[in-house]
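Reading the structure
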Amino acid sequence: MIAPSHGASTFFVTELRVRAPATSANLGPGFDSFALALPLLAEFEVRPARTWSVEYEGDGDGLPPDANDDLFVVAARAVARTAKEHLAPQHVFQRTAIPLGRGLGSSAAAIAAGVTAGNALLGEPLDRRTLLRIAAEVEGHPDNVAAALYGGMTVALPTAEGPAVFRSAFPRAWRICLLVPKKKLATREARAALPASVPRADAVFNLAHASALVAAILRADGALLSIAMHDRLHEPARARLVPGLDDVVSAARSAGAFGAALSGAGPAVIAVAPARLAARVVAAMEEAADDAGAPGRARVLRVRAAGAQVRVSP
Ligand code: HSE
């Protein structure tokens, strides 16, 4: 819960905690548009300080030690700029259960938490759609930040006023089978591998498949999802960067998943399966990844309904 109190001229809160979920973008045909929120959380503790500073639990895994480069801080300050408010410096302690550099939205979680925290610290001057616009500008694309802010399954639609969001619940009987490879892949590298333009036939293929994928989720129609969860806009170009991708996808499908796809820019792979087959699917994904020489750990998750959340410390 947010409990702002009035200062002399601005709202302020003394300390708050924010958390935001991992996200898996694209879901096959929904490149830069679709995403799911997952129950792996990044948590941030924020308290007033003399200057902006960041601290990471553990070694930070390569995250920037300079607060000016930290995505949470960059996002929180961008909120203040848009709201034309002054945001007092904060110390930000961060811990995360989101594997970094695997295509699971660790940057988006930091950005979604940062805009949410910045807005809370200022007494909530901005609505969620404006926070999404700011978050998408910081991230460079809107899909992960949309699911990180709204939870559930999201479609981010570009408009002249910034992204609009369609949000849906995810079928309760379906599970996400997530394979996280040991090796990282930089999103920058995975985006650089994409062609600048695509043949019209591929654009039409994705248009049809993406539309059907949304219908499959709304109707909880696994047979339709099996047909819909295919892509021609990004996965073919990225397959050479993700050893074993095709094998893991095929293994998941053969073990009973409705479909499987690269998670975001990869190298993680997600499959969607009926709950009763999910254990079999993750075992098959792990085995295929091992056989392909790109081992990883697979687990069964549900889609998380909640997006970024804030609470004031007692
Ligand atoms: N939609 C983005 C991509 C997600 O595929 O590059 C990256 O996080």
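Another aspect to go through is the domain arrangement of the protein chain. Partitioning the protein chain into domains gives domain 1 (8-168 + 307-313) and domain 2 (174-301). Computed from C-alpha coordinates alone, the two centres of domain 1 and domain 2 are separated by 25 Å. At the interface, 25 residues of domain 1 touch 36 residues of domain 2. When domain 1 packs against domain 2, the two sides together hide about 2200 Å² of surface, and 66% of this comes from carbon and sulfur. It is P29, F31 and R102 that lose the most area in domain 1 upon contact with domain 2, and together they represent 29% of the buried surface on that side. If you look at where domain 1 meets domain 2, you find 1 salt bridge.

So, about helix α3 (residues 128-139). The terminal C-alpha atoms of α3 lie 16 Å apart, and with 12 residues this matches the ideal 16 Å at 1.5 Å per residue to within 8%. Those residues of α3 not exposed but buried are T130, L131, L132, I134, A135, A136 and E139. As for α3, its buried residues are in contact with α1 (71-83), α2 (106-121), α4 (143-150) and β8 (164-168).

It is worth spelling out the environment of V74 at this point. Along the polypeptide, V74 turns up in helix α1. On the accessibility criterion, V74 (28% relative accessible area) is partly exposed. Separated by 61 residues in the primary sequence, V74 and A135 place their C-alpha atoms 9.7 Å from one another. Aside from chain neighbours lying at most four places away, what touches V74 is N68, D69 and V138.

Attention shifts here to the site of the ligand. The environment of the ligand is formed by N26, F31, D32, H141, D143, N144, T187, R191, R238, G264 and A265. The side chain of N26 places a nitrogen or oxygen atom 2.8 Å from an oxygen atom of the ligand. Within the contact set of the ligand, an oxygen atom lies 3.2 Å away from a side-chain nitrogen or oxygen of N144. When isolated, the ligand has an accessible area of 260 Å², and the protein chains bury 96% of it.

One pass over the full model with this rule turns up 1 cavity of 30 Å³ or more. There is about 40 Å³ of room inside the largest cavity. Lining the largest cavity we find L27, L36, F170, L213, I217, L225, M229 and V272. Looking at the lining of the largest cavity residue by residue, the classes come out as 8 nonpolar, no polar and no charged.

All told, the structure shown has 9 salt bridges when counted by the stated rule. R95 is the partner of E45 in a salt bridge, and the nearest nitrogen-oxygen pair spans 3.3 Å. Here E45, found in strand β4 (residues 30-48), pairs with R95, found in strand β6 (residues 90-96); they are 50 residues apart in sequence, far enough to count as distant. With a relative accessible area of 19%, E45 lands in the buried category. Here R232 and D202 are joined by a salt bridge, their closest N and O atoms 3.4 Å apart. Here D202 lies in helix α6 (residues 200-219) and R232 lies in the loop between α7 (222-228) and α8 (235-238), a separation of 30 residues in the sequence.

Definitions and cut-offs
- Residues numbered from 1 in each chain as written.
- Predicted model: local features only at pLDDT ≥ 70, side-chain atom pairs only at ≥ 80, totals over all residues.
- Heavy atoms only, no water.
- Domains from an automatic or database assignment.
- Contact = heavy atoms within 4.5 Å.
- Buried area = accessible area lost by both parts, 1.4 Å probe.
- Salt bridge = Lys/Arg side-chain N within 4 Å of Asp/Glu carboxyl O.
- Helix = DSSP H or I, 4+ residues; strand = E, 2+ residues; numbered from the N terminus.
- Expected span 1.5 Å × (residues − 1).
- Buried < 20%, exposed > 50% of the residue type's maximum accessible area, 1.4 Å probe, protein only.
- Near = heavy atom within 4 Å.
- Polar contact = N/O pair within 3.5 Å; in protein donor to acceptor, adjacent residues only side chain to side chain.
- Areas by Shrake-Rupley, 256 points an atom, 1.4 Å probe, with all protein chains shown as cover.
- 1 Å grid on protein atoms, 1.4 Å probe; cavity = no way out; pocket = protein on both sides within 12 Å on 5 of 7 lines; lining within 4 Å.
- Points joined across faces, edges and corners; volume = space filled by probe spheres on them.
- Nonpolar A, V, L, I, M, F, W, Y, C, P; charged D, E, K, R; others polar.

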